[in-house]
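Per-entry structural report
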Amino acid sequence: MFVTVLFGDNRMEMFNLNCKLINFIHNLKERCDLDFKACVDLMDSSGRVMNLEAKRHSVDPASSLLVERQYHVLLRVCRDDDTGGWKYVSLLNNFSQSHPELTELLWKLSNPNKERDRKISSLRRGRTQRSPARQTRNKNLSGSTKNLPIK
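Okay, so let's go over this structure. (Residues numbered from 1 in each chain as written. Predicted model: local features only at pLDDT ≥ 70, side-chain atom pairs only at ≥ 80, totals over all residues. Heavy atoms only, no water.)

1. Details of the overall build of the chain
- When its secondary structure is counted, the chain shows 4 helices and 5 strands.
- With 151 residues in all, the chain has 32% of them scored as buried.
- A sequence separation of at least 24 residues applies to 50% of the contacts in the chain between residues at least 6 apart.
- Total accessible area on the chain is roughly 10,400 Å²; 51% of this is exposed by carbon and sulfur atoms. (Helix = DSSP H or I, 4+ residues; strand = E, 2+ residues; numbered from the N terminus. Buried < 20%, exposed > 50% of the residue type's maximum accessible area, 1.4 Å probe, protein only. Contact = heavy atoms within 4.5 Å. Areas by Shrake-Rupley, 256 points an atom, 1.4 Å probe, with all protein chains shown as cover.)

2. Quick notes on unusual backbone geometry
- Phi at asparagine 10 is positive, roughly 60°, even though this residue is not glycine.
- In this structure, asparagine 10 sits in the loop between strand E1 (2-7) and strand E2 (11-16).
- Here asparagine 51, not a glycine, exhibits a phi torsion of approximately 60°, which is positive.
- Mapped onto the secondary structure, asparagine 51 falls in the loop between strand E3 (40-44) and strand E4 (71-79).
- On the basis of relative accessible area, asparagine 51 is assigned to the partly exposed category, the value being 41%.

Don't take any of this as a statement about function, it's just geometry.
Here it is as structure tokens:
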């Protein structure tokens, strides 16, 4: 049982899942040349983040969290000074080119408030764009009834 982690300049490392999560995370940081104090996470091909930081001291098996034979992108997790939330940064170079479908998901994870604001503003724009169309249609209908002969 293993997973493949993508990072750096198209580097891949295979990791054994037959170990405790605490050991898996330690080995992940060691083999990917990261500081042991760094907060890291993994994102699978569907864009789901594994939340390793919450389980960094867990003695549960790594296989309880990760599915064997899947590919994961290594992420750095840090605090966003502006929002106070978590910011996810891909440690795979050229991530946006090699995985464009996951780039927006990663942006949404790092900017949940901005994503919510973006949805709200697009909803508002949709309402204002539809309003004039309704008014025009109503004017056309009311104008067309004036010209019809009454029987």
